[in-house]
Amino acid sequence: MIYRIRDIVPILQAVVTIQADTVIEHLLIDSRKIVFPATSLFFAISGPRRDGHQFILEVYERGVRHFVVRKGYAPPEGLAGAVFLAVPDVLEALQQLAAHHRSRFSIPVIGVTGSNGKTIVKEWLYQLLQKDFVIVRSPRSYNSQVGVPLSVWQLNEQHTLAIFEAGISTHHEMQRLEKIIQPTAGVFTNLADAHNEGFESMRQKALEKAGLFHNSHSLVFGREVLQNQLDPEGKDKAKFAGTRDFFSWSRGSDATLAVVSEERTGNTTRINAVYKGETIDITIPFTDRVSIDNAITCWSVMLQMNYAAVVIRERMLLLEPVDMRMQLKKAINNCYLLNDSYSNDMSSLDLAIDHLQQQAGSHRTTLILSDILQSGQYEEALYRDIAEQLVIRGIHRLIGIGPSIMRYQHLFTESGSLENLAFYPSTEVFLQQVTTHDFLNEYILLKGARVFAFERISAWLEQQVHQTVMEINLTAMGHNLRQYQQQLKPSTKLMAMVKAFSYGSGSVEVARILQFHKVDYLAVAYADEGVALRNAGISLPIMVMNVDPAGFDSLVTHNLEPEIYSFPIYHAFHHYLDQQGIQQFPVHIKFNTGMNRLGFEVEEAAAIAEWLHTRQTMAVKTVFSHLVGSEAAIHDGFTQTQVTGFVNACEILQQKLGYHFTRHIANTAAIFRHPEYQFDMVRLGIGLYGVDSADGEQLNLQTVATLRSTIAQIRKVKKGESVGYNRKGVVERDSLIATIRIGYADGFGRKLGNGKASVYVNGQLAPVIGNVCMDMTMLDITGIPGVKEGMEVELFGKHLPVQQLAKWGDTIAYEIMTGISQRVKRVYLEE
């Protein structure tokens, strides 16, 4: 289905600057994700922090020539050939275009909403139905006001079924999404507490979500999981004006599918139910309640679609877990491995390459790609598109696995820009013919359909280390960043602290995600940390907080900006710059207003201002100070005193220097406790990692770092016997003791031994018994059912906050996180 600019103008009722006949194939909202610029239409969407119009010049320079902008926008001069479509609301224009596109198709469309489980249900329906349909579905969790139109835009003539998910966070949003998705069938997964803050009540939230199904012909829902807030077949039937076929499931009340029992055996669950007076059953390879509920929902959809019981039973048993996270792991020969086994289609490939390039920086990149199955495109066109995308995206090497991609390998050869190409008919042949010496100093993306079992390649490439890992959830970090950004005035900049190995989380990987999210500044403690970031391709401005003369050359060579905190450092750096003939080198001036650590005294402001003004070797980029107790109300008076001194020092510098500089004093806690002190920029540290230093409840922070280990051995210990060195742990009853693979050499300190701390094991807390050893720690797991050797345990994370572990250890979360040893492998996840 072809759209030209002249077709789109009337759809959007846009005012166009010049007429154009260009074919538009791709809708673009992110300047970082340009793949096919000539056929892309950029929508300059404005958000609370970023205005898409700010990036039009950047997008133009990268080859895009067609833009949707708000009425009244004056484009920069000199953009020859640029076409601007002016509309009242850019986001609404994106949604209008997607809604028009959807209206041109008459295929069945399943709309999925609910508080949780949307993506799992969508992906399981894809697994269950893909043998019978050519399916288009939302990529990953593209269910927002922006994600839904981009998902619907994927529809083409080859598709015979669509599955789109819709998520909302406040009222009136679903009305817009319903017009875009126009579902013919609906699935309401459940109703829970997520995003409650956007609604007056659970009832209001239920009714708002139900708006997706106002015109759908059918609806699947669970009675109990709607928490009695919605009754589609009863009092709320008027909300479903177009629905004629209601399909409910329940464990207790009357329903179309009445679940009678659930029998768990090993890793499977048999679910028995009554449907149309007959007893039927399925078995699924999961035992947790959430998976069982999601499976029953999918079962209901298949029954409503009149699938035979034997087909449903066969396919349900083959359901595979949906891993919505891309994992970045250290691999052999100084490589990094990005394993994305979530799905394998053009949309998810595009997202995975984004993440690969974001993490790789300037390093070489390799894509190991299997056949893409049931894409809805003709194979030759599909692989030609992939070859073109890889060339545009600058992928250095492609390894293709599968008969289809082998058949069209000439398309990749003809592109002429891929340095190394290799193709294998199967994963088995690849593993037989390739050696680990073929991979060195590169970032590798694994992207394979499940039938190709790429987990074998992942295991082969992964660096073998002991079974203690710290998972860093980069998606959660992005969420936390946005939580703090929402507290800022639109003009306030943000500096992110990535010192101390990014609080133990990995400086380079964290810096890349922050650069991707366009923070304004990074800060490190020492020049060496800044050099490592520059070598990894980080281009953001970087402030170095603790400088010495030995690092001056590195500062200048790598464009790092030093903190100048004393006259000796100032004079030494001035002397160095003067010898090098350098003028106006960017620096940051720090004042001591009460921390009594580093910084000029406020009384010294006039003197340093005079030196800076007279010599001109340095240009002041920012002036800042450090609050002592911004997280505690008891210190608010002292905070005010600090701010007063800081403002005085800034005024003295401003008067002498005669030019503008950025002021910042607010740290993580002060961002929301003292918004009046945000000035021009704030510094965000441990809050990025999900730790609220003020222990408040104003922010919805997500856990970023999770420290996990595994159980090496379980043994029975009789009453009166001891555990560990020095016989410190004496059991008072016959006990079951588990030894886990972590000790004080990994950062789990000796202070946590002898019952002071506990570890999360199979849903319960198990106390540490005896002394913590260098490489091992023992736990008393007596009374905790189902614990087995090899089972994962959580030292801190979602179930056991790092703040609690710090409390047990008589310290703070900062020390716990920064103290995790480098021998503990970091695994980076992106959802």
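Structure shown above.
All of these numbers come straight from a predicted model, not from anything done at the bench.

### Quick notes on the sheet that holds strand β13 (residues 245-250)
Sheet strands line up and pair through hydrogen bonds in the backbone, either parallel or antiparallel. With mixed pairing, nine strands are arranged side by side in an open sheet as β9-β10-β8-β11-β12-β13-β14-β15-β16. Since the sheet does not close on itself, it has two edges, and those belong to β9 (135-137) and β16 (278-284), each with one partner. On average, each strand axis in the sheet is inclined to that of its neighbour by 20 degrees, with strand direction left out of account. Inspection of the sheet shows β13 paired to strand β14 (residues 257-265) by two bridges, in the parallel sense. Of the residues in β14, the one forming a bridge with Ser250 is Ala258.

### So, the packing of aromatic side chains
Per the counting criterion, the structure on display carries 22 aromatic pairs. An angle of 50 degrees between the planes, with centres 6.1 Å apart, marks the rings of Phe188 and Phe213 as tilted. Within this pair, whereas Phe188 is found in strand β11 (residues 185-188), its partner Phe213 is found in the loop between α7 (202-210) and β12 (218-222), the two being separated by 25 residues in sequence. One exposure class covers both Phe188 and Phe213, and it is buried. Site record: aromatic cluster; members linked through ring pairs are Phe42, Phe67, Tyr73 and Phe84. Lying across the ring of Tyr60, Arg65 places its NZ or CZ 3.7 Å from the centre. Stacked on the ring of Tyr126, the Lys or Arg Arg137 has its end atom at 3.6 Å from the ring centre.

### Description of the packing of helix α16 (residues 474-485) against helix α18 (residues 507-516)
To characterise two packed helices, one gives the angle between the axes of the helices and the distance between these axes. Packing of α16 against α18 leaves a shortest axis separation of 10 Å and a crossing angle of 50 degrees. In terms of their interaxial angle, α16 and α18 are classed as oblique. Judged by the sense of rotation from one axis to the other, the crossing of α16 with α18 is right-handed. Of the residues in α18, those in contact with Leu474, Met477 and Leu481 of α16 are Glu509, Val510, Ile513 and Leu514. Class assignment of the residues belonging to the contact of α16 with α18 gives a composition of six nonpolar, no polar and one charged.

### Regarding the sheet that holds strand β5 (residues 40-43)
Reading across the sheet, the five strands line up as β2-β7-β6-β5-β4 and stay open at both edges, with mixed pairing between neighbours. Looking at the sheet topology across the chains shown, the edges are occupied by β2 (15-16) and β4 (26-28). In the sheet, strand β6 (residues 66-70) pairs with strand β7 (residues 83-87) via five bridges, with the strands oriented parallel. Looking across to β7, one finds that Val69 is bridged to Ala86. Docked against the sheet, helix α1 (residues 5-12) engages β2, β5, β6 and β7, running at close to 15 degrees with respect to β7. Here helix α3 (residues 90-103) sits on the sheet in contact with β4, β5, β6 and β7, set at roughly 140 degrees to β5.

### Brief notes about the nonpolar core
With 148 residues, the main nonpolar core has Ile386, Phe412, Leu514, Leu522, Phe573, Ile589 and Leu653 as its most contacted residues. Among all residues touching Ile386, those that are not within four sequence positions of it are Met346, Leu349, Leu369, Ile372 and Phe412. Within the second largest apolar cluster, 40 residues are counted, among which are Leu161, Val187, Cys298 and Met316.

What counts and what doesn't
- Residue positions within a chain follow its written sequence, with the count starting from 1.
- Totals for whole chains, interfaces and linings use all residues, but because this is a predicted model, local features are given only for residues with pLDDT of at least 70 and pairs of side-chain atoms are given and counted only at 80 or more.
- Processing note: side-chain calculations cover all non-hydrogen atoms of the structure and skip hydrogens and water entirely.
- Strand pairing requires that DSSP identify at least two bridges connecting the strands.
- Helical segments are the DSSP runs of H or I of at least four residues, strand segments are the runs of E of at least two, and each set is numbered from the N terminus.
- Interaxial angle, 0 to 180 degrees, is taken between N-to-C directions of lines fitted to C-alpha atoms, where a helix line uses only the stretch in contact.
- Note on aromatic contacts: the rings of Phe and Tyr and the six-membered ring of Trp form a pair at centre separations within 6.5 Å, being stacked when their planes are under 30 degrees apart, edge-to-face when over 60 apart, and tilted otherwise.
- Three exposure classes are used, based on accessible area relative to the maximum for each residue type with a 1.4 Å probe and protein chains only: buried under 20%, partly exposed in between, and exposed over 50%.
- Sitting over a ring, as applied to charges here, requires NZ of Lys or CZ of Arg to be within 6 Å of the ring centre and within 35 degrees of the ring normal.
- In this scheme, roughly parallel covers angles under 35 degrees and roughly antiparallel covers those over 145, while 65 to 115 is roughly perpendicular and the rest are oblique.
- Each crossing is labelled by how the near helix is turned from the far one, with a counterclockwise turn of less than a right angle marking it left-handed and a clockwise turn marking it right-handed.
- Between two residues, a contact is recorded if the distance between any of their heavy atoms is within 4.5 Å.
- Here the nonpolar group is Ala, Val, Leu, Ile, Met, Phe, Trp, Tyr, Cys and Pro; Asp, Glu, Lys and Arg are the charged ones; every other residue, Gly included, is treated as polar.
- For our purposes a nonpolar core is just a set of buried Ala, Val, Leu, Ile, Met, Phe, Trp, Tyr and Cys residues, chained together by side-chain atoms within 4.5 Å.

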